[in-house]
Amino acid sequence: MSTARTDPAPTDAVIIPHYNDPDRLERCLRALMENDTTETEIVVVDNASPVSLDEVKLAFPDVRFITETQKGAAHARNKGIAATTAPRLFFIDADCVPAPDWLTVGRAIANRADLVGGRVDVFDETPPPRSGAEAFEAVFAFNFRRYIEVQGFSGAGNLLTRRDVFDAIGGFINGISEDQEWTMRAVARGYSLVYEDRFRVKHPSRQDWFALRTKWRRMTQEAYQLNGTGGKARLRWAIRGLAMPASAMVHTPKVLASSRLNSTGETLRAIATLIRLRCTRMVWMLRQAAGGSI
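Residues numbered from 1 in each chain as written. Predicted model: local features only at pLDDT ≥ 70, side-chain atom pairs only at ≥ 80, totals over all residues. Heavy atoms only, no water.

1. Some details on the nonpolar core
Turning to step 1, where the next piece is worked out: Ranked by internal contacts, the top residues of the largest apolar core, which has 51 residues, are Val 14, Ile 16, Leu 25, Leu 29 and Trp 102.
Turning to step 2, where the next piece is worked out: Top element by residues in this core is strand S8 (residues 193–204). It accounts for five residues.
Turning to step 3, where the next piece is worked out: Those residues in contact with Trp 102 that lie beyond four places of it in its chain are Val 14, Leu 32, Asn 35, Phe 90, Phe 91, Ile 92, Asn 158, Phe 199, Arg 200 and Val 201.
Turning to step 4, where the next piece is worked out: One finds Trp 209, Ala 248, Leu 261 and Ile 271 within the second-largest nonpolar core, a separate group that totals 18 residues. (Core = buried A, V, L, I, M, F, W, Y, C linked by side-chain atoms within 4.5 Å. Buried < 20%, exposed > 50% of the residue type's maximum accessible area, 1.4 Å probe, protein only. Helix = DSSP H or I, 4+ residues; strand = E, 2+ residues; numbered from the N terminus. Contact = heavy atoms within 4.5 Å.)

Encoded structure:
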């Protein structure tokens, strides 16, 4: 009598929210396939993209593709978790590129804490010289060490946790900075969060002012919801907004000292973008504090 073959239960689940970016998704999956994916379930949760993913699906037959019609990475991540069974959860965004040892390092350091956030390095998708947006991102984008060790939260573009932690905390909440809120909620409940520099992914820089402005507009909207919308909270928000231009001056020495910029032109463009962005954020925040929208 023959015995049916049974595959071992997966120990790791990789959750990848995606919307309308098949080229970067394919790049992410190709890099992920360089990892040891033994006993790993990989799930792409598509937010009902208007473009077809048929070619990507054909190229990665071992990846499961599901659809979440509710817009937002929070809904996509929640659905991906519900569709998997592994006790260990890896989160990465579709436009990120994991290191070849991303899963291996994650497994090795998983017991360090209940939540582990890793390093996110920025890379350019365009040839040099950098635009102002690219130069700004080279200096300031994705400082996960500071997020975790100073501010007490992590992004979900490079995050590792356990299913029992997620079940205890509950799902990501859409409409706010869902990864920041979720990790802060976990820490407030007593779960530990640490930074691990060896746990690495890369993320493309925003290429121009429009892309950078779009990113920060979304982040300002989400941060306002986390701040609170009552009278005292709006006053605090207005004070923070008024401090934005001064903060540009405070952070200019960081640009001047950065080894990531390759020319005087890149340095000057980064400083100009820093000032422009902080002044723009001041206007947005004052509008929010006054009860309006940005």
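Let us keep going from here.
2. So, the sheet that holds strand S7 (residues 158–162)
Turning to step 1, where the next piece is worked out: Strand order in the open sheet formed by eight strands is S3-S2-S1-S4-S7-S6-S8-S5, and the pairing between neighbours is mixed. Either end of the sheet is taken by a strand with one partner, and the two such strands are strand S3 (64–67) and strand S5 (97–98).
Turning to step 2, where the next piece is worked out: Sheet strands in contact with helix H1 (residues 22–32) are strand S1 (12–18), strand S2 (40–46), S3, strand S4 (88–92), S5, strand S6 (115–123) and S8, and its direction is about 165° off that of S1.
Turning to step 3, where the next piece is worked out: This element, helix H3 (residues 73–82), spans S1, S2, S3 and S4 of the sheet and lies at about 150° to S1. (Pairing = 2+ DSSP bridges. Axes fitted to C-alpha atoms, helices over the stretch in contact; angles between N-to-C directions.)

3. A few points about the pairing of S8
Turning to step 1, where the next piece is worked out: Here S5 pairs with S8 via two bridges, running antiparallel. Each residue of the ladder has a partner; that of Val 97, found in S8, is Lys 202.
Turning to step 2, where the next piece is worked out: For S6 and S8, the ladder comprises nine bridges, and the chain directions are parallel. Across the sheet, residue Leu 115 finds its bridge partner in S8, namely Leu 193.

4. Some thoughts on the pattern of salt bridges
Turning to step 1, where the next piece is worked out: Summed over all chains, the structure comprises 25 salt bridges.
Turning to step 2, where the next piece is worked out: Taking the shortest distance from any N to any O, the salt bridge between Arg 107 and Asp 12 comes out at 2.8 Å. With Arg 107 in helix H4 (residues 102–109) and Asp 12 in strand S1, the pair connects residues that are 95 residues apart, well separated along the chain.
Turning to step 3, where the next piece is worked out: Notably, a salt bridge pairs Arg 24 with Asp 21, separated by 3.3 Å at the nearest N-O pair.
Turning to step 4, where the next piece is worked out: Classification of Arg 24 as partly exposed rests on a relative accessible area of 25%.
Turning to step 5, where the next piece is worked out: Among the charged side chains, a network of salt bridges with common partners joins Arg 119, Asp 121, Arg 145, Glu 149, Asp 197 and Arg 200. (Salt bridge = Lys/Arg side-chain N within 4 Å of Asp/Glu carboxyl O.)

5. Remarks on the pairing of S1
Turning to step 1, where the next piece is worked out: The buried count for S1 comes to seven of seven residues, which makes it a mostly enclosed element.
Turning to step 2, where the next piece is worked out: Burial along S1 is two-sided: the residues Asp 12, Val 14, Ile 16 and His 18 and Ala 13, Ile 15 and Pro 17 are all buried.
Turning to step 3, where the next piece is worked out: Relative to S2, S1 runs parallel, the two sharing seven bridges. The residue bridging Pro 17 from the neighbouring strand is Val 45, located in S2.
Turning to step 4, where the next piece is worked out: Each parallel crossover has a hand, and for S1 linked through H1 to S2 it is right-handed.
Turning to step 5, where the next piece is worked out: The sheet contact formed by S1 and S4 spans four bridges and is parallel. (Right-handed = clockwise from strand over helix to strand, strands pointing away.)

6. What to know about the side chain of Thr 40
Turning to step 1, where the next piece is worked out: You can see Thr 40 is positioned in strand S2.
Turning to step 2, where the next piece is worked out: On the basis of relative accessibility, which here comes to 16%, the residue Thr 40 falls in the buried class.
Turning to step 3, where the next piece is worked out: A distance of 3.1 Å separates a polar atom in the side chain of Thr 40 from the backbone oxygen of Thr 38. (Polar contact = N/O pair within 3.5 Å; in protein donor to acceptor, adjacent residues only side chain to side chain.)

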